[in-house]
2 protein chains.
Amino acid sequence: MSKKAVILLSGGLDSATVLAIARRDGFECCALSFDYGQRHRCELEAAGKVAASLGAAKHNIVKIDLRLWGGSALTDDNLKVPDAADSHGIPITYVPARNLIFLSFATACAEAWGARDIFIGVNSVDYSGYPDCRPAFIEAFKECARLGTRAVDENWHYNINAPLQNLSKAEIIRRGIELGVDYSLTTSCYNPDAAGRSCGRCASCMLRHAGFVEAGVPDPTTYSK
Amino acid sequence: MSKKAVILLSGGLDSATVLAIARRDGFECCALSFDYGQRHRCELEAAGKVAASLGAAKHNIVKIDLRLWGGSALTDDNLKVPDAADSHGIPITYVPARNLIFLSFATACAEAWGARDIFIGVNSVDYSGYPDCRPAFIEAFKECARLGTRAVDENWHYNINAPLQNLSKAEIIRRGIELGVDYSLTTSCYNPDAAGRSCGRCASCMLRHAGFVEAGVPDPTTYSK
């Protein structure tokens, strides 16, 4: 019987790599994406292509509206996505409690589908400013998911797998290339144009491009100029 | 400056009482309800009336689709709501990871709105079968919310208030009556008819009615027969 896993899949480079790792590890995968009112909605199209290309057994898209309260440049039209990366403090692109919400849905999906593994592409190297990408949060969530579901009564726990936690962007890209990830299907831009082309200037674009350069891999991203 | 709190408000008896308690304690309240594909959607109308009658400053309704994966008699039409309460094990009306999801949204809402208090009407007396109603889960969530948000960098934490945790249904009703809750606005039935009238037979109806009887308060519920 195959092991089942729920994979949080954004359509970006990191989570595509995570799905490839879970598939390599023999998991039957349910990809889980969110339509949360983000500006960069071409992510969802990308997620669908990535899920299909890497052989996910299912792809669920959960629609939630984080614009109800905003609080991030990604979910509030009154806040501008900055061009340059500000490496101090919590970035304006931090979405309040986003990974907490995403992991909670992944837990619900896993519980209903009978999976005990959840994969998430958080990373402490490049996103140390985001509290919900740090190992301490992931550990706390693991315990919370155990105590808040039938796992606690049945004496098991969810494995919250974060295989990219300590990798640089270049290392993530090399890992993905080895596993056959087609990064031309993925999109990372916070501020793409209407055709889904990347801006090449936001923090996420900069980081992604530098990763390809450092990995010695041609950057397959389509930029708007 | 008034203290702000986010209150999870279902439209049922318990969360109405919680809102009344938070208001008595001087909080400016944002009520948060979920349209999650539940069978008993008249809950949402009830939540709106309760929020208005108790002076909530705002009422956000978040639409999420837990029917994507079902797994509960409340979110899957293939599963029947049982008539009688089964006091052993986790009930079929348990919705996978529901309070984990609800509290995650409450945290996001609180973070964006600037609240540090969250109120939830969980109760260990009558709902000990639901893992996500127990104190150990609430404590674990508190830590998880701290570590997954800007609270951790700013050295504070969310208070997850569960003022009904150890009260019987009759005690909850007496508390609410003292605080002026109009329970005729609330609905608790898992299986109401199209007009929103309660069935009088599901576990939730039985518990509610017994609570009014024990509290010595006339039951204001409208039953379908």
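Residues numbered from 1 in each chain as written. Chains lettered and ligands numbered in written order. Predicted model: local features only at pLDDT ≥ 70, side-chain atom pairs only at ≥ 80, totals over all residues.

Each helix and strand counted, chain A has seven helices and five strands in total. Across the 225 residues in chain A, those meeting the buried criterion constitute 52%. (Helix = DSSP H or I, 4+ residues; strand = E, 2+ residues; numbered from the N terminus. Buried ≥ 20, exposed ≤ 12 C-beta atoms within 10 Å, placed from the backbone.)

With that out of the way, let us pick up the packing of helix H6 (residues 169–178) of chain A against helix H7 (residues 203–215) of chain A. All names here are of chain A. Two elements in contact, H6 and H7, have axes separated by 8 Å at closest approach and are oriented at 65°. Between H6 and H7, the interaxial angle falls into the category roughly perpendicular. When you trace H6 past H7, the crossing you get is right-handed. Of H7, the residues touching H6 (which contributes Lys169, Ala170, Ile172, Ile173 and Arg174) are Leu207, Arg208, Ala210, Gly211, Phe212, Glu214 and Ala215. (Axes fitted to C-alpha atoms, helices over the stretch in contact; angles between N-to-C directions. Parallel < 35°, antiparallel > 145°, perpendicular 65-115°, else oblique. Left-handed = near helix turned anticlockwise from the far one by under 90°. Contact = placed C-beta atoms within 7 Å.)

Our focus in this paragraph is the environment of Leu66 of chain B. Looking at the element boundaries, Leu66 of chain B is found in the loop between strand E3 (58–63) and helix H3 (98–113). Leu66 of chain B sits 30 residues away from Tyr36 of chain B along the chain, and the two C-alpha atoms are 5.6 Å apart.

Further remarks concern the relation of the copies chain B and chain A. Of the transformation placing chain B onto chain A, the axial shift is 0.0 Å and the rotation is 180°, giving an RMSD of 0.0 Å. Considering both components of the superposition, the chain copies are consistent with a two-fold axis. Residue Ile64 of chain B, judged by its C-alpha, is the member of chain B lying nearest the rotation axis, at 2.8 Å. Most of the interface of chain B is mirrored in chain A: 100% of its interface residues are interface residues there too. (Least-squares fit on C-alpha atoms with pLDDT ≥ 70 in both.)

On to the packing of helix H3 (residues 98–113) of chain A against H3 of chain B, then. The contact between H3 of chain A and H3 of chain B brings their axes to 9 Å, and the two run at 170°. With respect to their mutual orientation, H3 of chain A and H3 of chain B come out roughly antiparallel. Contacts between H3 of chain A and H3 of chain B pair Leu100, Ile101, Ser104, Phe105, Thr107 and Ala108 of chain A from the former with Leu100, Ile101, Ser104, Phe105, Thr107 and Ala108 of chain B from the latter.

Before going further, it helps to spend a moment on the interface of chain B and chain A. Residue-level contacts link 39 residues of chain B with 39 residues of chain A. Where the side of chain B that touches chain A is concerned, the elements lending two or more residues are E3, H3, helix H4 (135–147) and helix H5 (151–154) of chain B. When the residues that make up the side of chain B that touches chain A are grouped by side-chain class, the tally is 24 nonpolar, eight polar and seven charged. (Nonpolar A, V, L, I, M, F, W, Y, C, P; charged D, E, K, R; others polar.)

Of all residues in chain A, 87% attain a pLDDT of 70 or more, and the chain-wide mean is 89. The complex model carries a pTM of 0.90, and its ipTM stands at 0.88. (pLDDT = per-residue confidence, 0-100.)

A few words on the sheet that holds strand E2 (residues 27–35) of chain A. All names here are of chain A. With parallel pairing, the five strands of this open sheet are ordered in space as E3-E2-E1-E4-E5. Either end of the sheet is taken by a strand with one partner, and the two such strands are strand E3 (58–63) and strand E5 (159–161). Taken over all neighbouring pairs, the strand axes of this sheet differ in orientation by 25° on average, direction set aside. In terms of strand pairing, E2 meets E3 through six bridges, oriented parallel. (Pairing = 2+ DSSP bridges.)

It is worth spelling out the sheet that holds E3 of chain B at this point. Residues and elements named next belong to chain B. Taken together, five strands build an open sheet; the order of strands is E3-E2-E1-E4-E5 and the sheet is parallel. This sheet does not close on itself; its edge strands, each paired only once, are E3 and strand E5 (159–161). On average, adjacent strands in this sheet sit at an angle of 25° to one another, irrespective of strand direction. Relative to E5, strand E4 (residues 117–119) is paired through three bridges, and the arrangement is parallel. Within E5, the position partnered with Phe119 by the bridge is Asn161. Sheet strands in contact with helix H2 (residues 42–53) are strand E2 (27–35) and E3, and its direction is about 170° off that of E2. Where H3 meets the sheet, it contacts strand E1 (3–8), E2, E3 and E4, and its direction lies at approximately 155° from that of E1.

Our focus in this paragraph is unusual backbone geometry. One non-glycine residue, Asn155 of chain A, lies in positive phi territory at about 65°. Mapped onto the secondary structure, Asn155 of chain A falls in the loop between helix H5 (151–154) and E5. The class for Asn155 of chain A is exposed, based on 7 C-beta atoms found within 10 Å. For Ala97 of chain B, which is not a glycine, the phi torsion comes out positive at approximately 60°. Residue position: Ala97 of chain B is located in the loop between E3 and H3.

Our next topic: the nonpolar core. In this structure, Ile7, Leu19 and Leu32 of chain A together with Ile7, Leu19 and Leu32 of chain B are the most contacted members of the largest nonpolar core, which totals 130 residues. When near neighbours in sequence (up to four residues on either side) are disregarded, Leu19 of chain A contacts Ile7, Leu9, Cys29, Ala31, Val50, Leu54 and Ala56 of chain A. (Core = buried A, V, L, I, M, F, W, Y, C linked by C-beta atoms within 7 Å.)

Attention now goes to H4 of chain B. One turn of the α-helix equals 3.6 residues, which is why residues spaced by three or four share an orientation. Along its 13 residues, H4 of chain B runs 19 Å from first to last C-alpha, staying within 8% of the 18 Å computed at 1.5 Å per residue. Close packing links the buried residues of H4 of chain B with H3 and helix H4 (135–147) of chain A together with H3, H5 and E5 of chain B. (Expected span 1.5 Å × (residues − 1).)

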